[in-house]
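Descriptive analysis of the structure
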Amino acid sequence: MSKIKIFVAMHQSNCFIPECDLIQPIQVGAENAKTLFEDMIHDNVGDNISTKNPMYCELTAQYWAWKNMNCDYYGFFHYRRYLSFNPRSNGKVDSWNIIVKDYLCNSAVKDMHISNEYVKEIEEEISKYDVLTMKPSNLKKACGLTVYEQYKKDGIKLHIEDLDTLLEIIKEKYPEFYDTAKEYLHGYIAYIGNIFIMKKEIFCDYCQWLYDILDEFEHRTDMSGYSVEGYRTPGHLGERLFGIYYTWLKKYRDINSKELQLVFFSNTEKQENLKPAFEKNNIPIAMVSNENYAPFYAAMIQSLLQNLSSTSNYDLVFLQRDFQSKTKRLFKSMIESYPNVSIRFYNVGQFFADSQLNVSPTIPIETYFKLMIPELFKSFSKVLYLDGDMIIKADISELFETDISDYLLGAVIDIAAAGVVNGFDQYRKEYVLNYMRMKNPLNQINAGVLLINIAKMRENFTTQYLLKFAEGAAFQFQDQDVLNVLCEGNVLFLEQNWNFAGDEIQGYRGNIETFAPRDYYLAYRKAAENPKIIHYAGNEKPWYFPQQEWAEEFWTNFAKTPFYFAYINKRMFEISDYVIAQRNTIGNHPLPKKGQLKQLIRKIADILMPYGTVRREVVKVAYKKIRRII
């Protein structure tokens with residue numbers, strides 16, 4: 001069989017790479033890189049132009065393969081762009097005739113038929129052709145512009161004069177290509193991306209032609225004043241040159257060619273199997289969040305940092321899918337001075353890309369991420385899960401040391417749920433008895449704090465089963481109801497002060513809790529005297545309702561985090577928008593009534609000076625003194 005190598009250009013280390021013997025990842029720009037990536041070749045060995053990567057982009061990998069590899073076929077993909085060998089590629093194409101998918105992962109690779117199980121199929125397919133490349137974009141449909149006009153539209157970042165220079169070089173050095181070049185550039189069909197597989201003879205001729213033209217372009221063009229993107233002009237021109245050369249081949253060389261579907265992946269992050277961050281005394285703490293909820297998790301982590309044991313190591317792992325790089329950086333900055341604390345971010349979005357789980361504006365997909373913990377943490381014996389709407393008041397190593405070897409979970413009885421089914425809400429009671437079919441509905445757990453026996457959970461449930469179980473039912477409290485149903489009778493009930501839920505402003509939760517069995521309620525009131533974890537489990541969160549019970553604990557910790565000022569600024573903009581929306585113009589409309597103005601002032605005060613904070617008390621004292629003077 002022919003020797004085939006498909007090189008995948010890489011400039012990031014943590015990218016998913018398909019397990020396929022034909023795929024060869026190559027680090028581009030390796031000569032200027034701070035770190036050489038492991039388990040791949042680098043474009044700075046042998047005959048190379050690695051230093052030109054800021055100009056030539058992925059073409060430095062192509063040059064390296066041309067000069068240093070002896071193959072029958074040379075192929076080139078990018079770390080996020082792949083050709084699919086599946087004739088029935090799954091996905092809808094966009095206006096550029098490209099399938100866009102969220103995650104590059106094993107299931108996506110299998111769908112494209114580029115894993116090891118398809119090697120023979122790929123080899124047989126490639127051997128039939130001289131050139132394989134992407135199905136082209138029709139720019140008339142995509143943007144209404146020709147190839148030339150689309151390049152010109154990039155304005156100051158790219159310069160249309162460079163494309164004119166390219167044409168001049170082709171006319172002078174390769175006149176047989178000039179008519180094809182003009183035809184291609186002033187047409188609407190475009191092969192964008194430098195993505196193709198070529199037979200050796202054609203590839204070598206193409207490279208000789210391509211790099212000769214680009215070398216001449218460098219000699220004729222002063223790019224010293226170009227922007228970062230403008231400096232990549234040779235790479236941009238290389239994309240157009242491939243389209244020109246391929247069009248010329250089809251027209252004048254009678255080649256056998258095939259055009260495959262191009263697939264673009266938005267997220268290519270490789271997810272390693274989670275291992276303990278520390279060799280000894282490692283306490284794994286799983287957390288689930290999205291970008292919007294991250295600031296509130298910061299308050300929880302800040303409180304945790306105030307209660308560390310010097311003999312324990314704390315291994316924090318976020319399960320997320322949309323954290324921005326800034327958010328990750330801020331979280332990392334919080335633990336810089338704590339050598340016994342690690343924080344990591346695991347993107348689980350790929351596992352939920354095609355899910356049918358019940359989601360809504362109030363039920364985000366992240367709700368179900370905790371069901372992945374037994375699978376993701378399979379190298380651990382036990383994991384502590386913590387919600388973000390809580391404050392830690394004690395060293396959680398004490399909780400982690402709880403022996404749950406005979407149980408699936410360690411968790412706290414949900415006092416509110418017990419009150420609901422014990423007389424407060426007949427409808428919910430019927431739901432728990434008849435739909436959830438719990439044998440003892442009074443013993444429902446709250447899933448905000450969970451001590452998870454990983455081995456025992458994996459013995460009883462696969463991740464697929466957990467997610468399918470959640471998907472196939474209309475649960476009211478999603479993951480919590482799933483765990484209550486599946487783990488009933490296999491839970492070690494923890495002391496209530498490890499998951500103490502304070503009352504809401506209107507006393508709603510406090511009222512419900514009085515309906516709980518007497519022993520439960522007395523244990524709850526005892527926990528209130530010394531809560532080790534305060535859980536703002538109700539709808540009225542302290543960041544929206546500063547007068548909520550125990551809110552001062554949240555604000556005291558939140559104010560110490562790097563997320564605090566950004567959140568306050570955001571809230572101030574919301575207030576500003578509110579004021580503008582409510583404002584009445586003097587002269588055209590009556591002024592706000594006294595009560596409305598007072599309500600607005602209180603709204604602003606609650607944000608800038610939350611209940612329980614020192615600054616609120618200071619302002620109150622000052623206000624009273626001013627009133628006496630007046």
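This one's a predicted model, so the numbers in the text were calculated from it and none came from an experiment.

Considering the overall build of the protein
When helices and strands are counted, the protein shows 25 helices and 21 strands. Counting only C-alpha atoms, the protein reaches 90 × 70 × 45 Å along its principal axes. The buried share of the protein, taken over its 630 residues, is 54%. Per element, the accessible surface of the protein, about 30500 Å² overall, is 48% carbon and sulfur. When the 73 basic and 78 acidic side-chain charges of the protein are each reduced to a single mean position, those positions are 7 Å apart.

A few points about the sheet that holds strand E16 (residues 390-392)
The sheet built from three strands is open, its strands ordered E16-E21-E20 with mixed pairing. The open sheet is flanked by E16 and strand E20 (500-501), the only strands paired with a single partner. One ladder, built from two bridges, connects E20 with strand E21 (residues 533-535); its direction is parallel. Paired with Phe 500 across the two strands is Ile 534, which belongs to E21.

A look at a nonpolar patch on the surface
Residues Ile 505, Tyr 544 and Phe 545 make up a contiguous nonpolar surface patch of about 270 Å² in total accessible area. For Tyr 544, a relative accessible area of 46% gives the class partly exposed.

Observations regarding the sheet that holds strand E15 (residues 382-386)
Reading across the sheet, the seven strands line up as E14-E13-E12-E15-E18-E17-E19 and stay open at both edges, with mixed pairing between neighbours. Both edges of this open sheet fall to strand E14 (341-347) and strand E19 (491-493), since each of them pairs with a single strand only. Averaged over neighbouring strand pairs, the angle between their axes works out to 30 degrees when direction is ignored. Where strand E13 (residues 313-320) and E14 come together, seven bridges link them in parallel fashion. Looking at E14, one finds that Val 317 is bridged to Arg 344. Against the sheet, helix H12 (residues 325-334) touches E13 and E14, its axis set at about 160 degrees to E14.

Some thoughts on helix H21 (residues 518-529)
Its twelve residues give H21 an end-to-end C-alpha distance of 17 Å, which sits within 8% of 16 Å, the value for a rise of 1.5 Å per residue. When we look at burial in H21, the residues that qualify are Tyr 520, Tyr 524, Ala 527 and Ala 528. Angularly, the buried residues of H21 cover 105 degrees about the axis, an arc narrow enough to put them on a single face. Exposed side of H21, more than 90 degrees from the buried face: Arg 518, Asp 519, Lys 526 and Glu 529 are the residues found there. Residues of H21 that are buried sit in contact with strand E17 (409-413), helix H15 (415-424), E20 and helix H20 (508-513).

Some remarks on the pairing of strand E4 (residues 73-78)
It is a general feature of regular strands that their side chains alternate between the two faces of the sheet. Within E4, six of the six residues are buried, which leaves the element mostly enclosed by the surrounding structure. Both faces of E4 are covered, namely the face carrying Tyr 73, Gly 75 and Phe 77 and the face carrying Tyr 74, Phe 76 and His 78. Two elements, strand E1 (residues 4-10) and E4, share six bridges in a ladder whose sense is parallel. Residue pairing for E4: Phe 7 is matched across the bridge by Phe 76. Pairing geometry for E4 and strand E10 (residues 196-199), over four bridges, is antiparallel. Paired with Tyr 74 across the strands is Met 198, a residue of E10.

As for the packing of helix H7 (residues 160-173) against helix H9 (residues 200-220)
When two helices pack together, their arrangement is captured by the angle between the axes and the distance separating the axes. Remark: H7 packs on H9, axes separated minimally by 10 Å, with the N-to-C direction vectors making an angle of 125 degrees. In terms of their interaxial angle, H7 and H9 are classed as oblique. Along this stretch, H7 crosses H9, giving a crossing that reads as right-handed. Residues Asp 162, Thr 165, Leu 166, Glu 168, Ile 169, Ile 170, Glu 172 and Lys 173 of H7 pack against Asp 212, Ile 213, Glu 216, Phe 217 and Arg 220 of H9.

Cut-offs applied
Within each chain, residues carry numbers counting from 1 in the order of the written sequence. With pLDDT at 70 or above as the cut-off, local features in this predicted model cover only qualifying residues; side-chain atom pairs require 80 or more to be listed or tallied, and sums for whole chains, interfaces and linings still use all residues. To obtain the side-chain values, all non-hydrogen atoms of the structure were used and water was disregarded. Secondary structure elements are taken from DSSP: a helix is a run of H or I of four residues or more, a strand is a run of E of two residues or more, and numbering for both begins at the N terminus. Here the term buried applies to any residue with accessible area under 20% of the maximum for its type, exposed to any over 50%, and partly exposed to those in between, with areas from a 1.4 Å probe on protein chains only. Per-residue and other accessible areas were derived by the Shrake-Rupley procedure at a 1.4 Å probe size, with only the shown protein chains allowed to occlude residues. By the counting scheme adopted, Arg and Lys are positive, Glu and Asp are negative, and His together with the chain ends is not counted. We put the charge of a Lys on NZ, of an Arg on CZ, of an Asp on CG and of a Glu on CD. At least two bridges found by DSSP between two strands are what make those strands a pair. Think of a patch as exposed residues, more than 30% relative accessible area, with no salt bridge, where like charges cluster within 9 Å and nonpolar side chains (Val, Leu, Ile, Met, Phe, Trp, Tyr) cluster within 5 Å. The working definition used for a salt bridge is a side-chain nitrogen of Lys or Arg within 4 Å of a carboxyl oxygen of Asp or Glu. Axes here mean lines fitted to C-alpha atoms, for a helix over just the part in contact, with angles spanning 0 to 180 degrees between N-to-C directions. Contacts are residue-level and defined by heavy atoms, with any inter-residue pair within 4.5 Å sufficient. The length a helix should cover is 1.5 Å for every residue beyond the first. The arc in question is formed by the directions pointing from the helix axis toward the C-beta atoms. Roughly parallel means an angle under 35 degrees; roughly antiparallel, over 145; roughly perpendicular, 65 to 115; everything else is oblique. Helix crossings get a hand from a simple test, with the near helix turned counterclockwise from the far one by less than a right angle marking a left-handed crossing and a clockwise turn marking a right-handed one.

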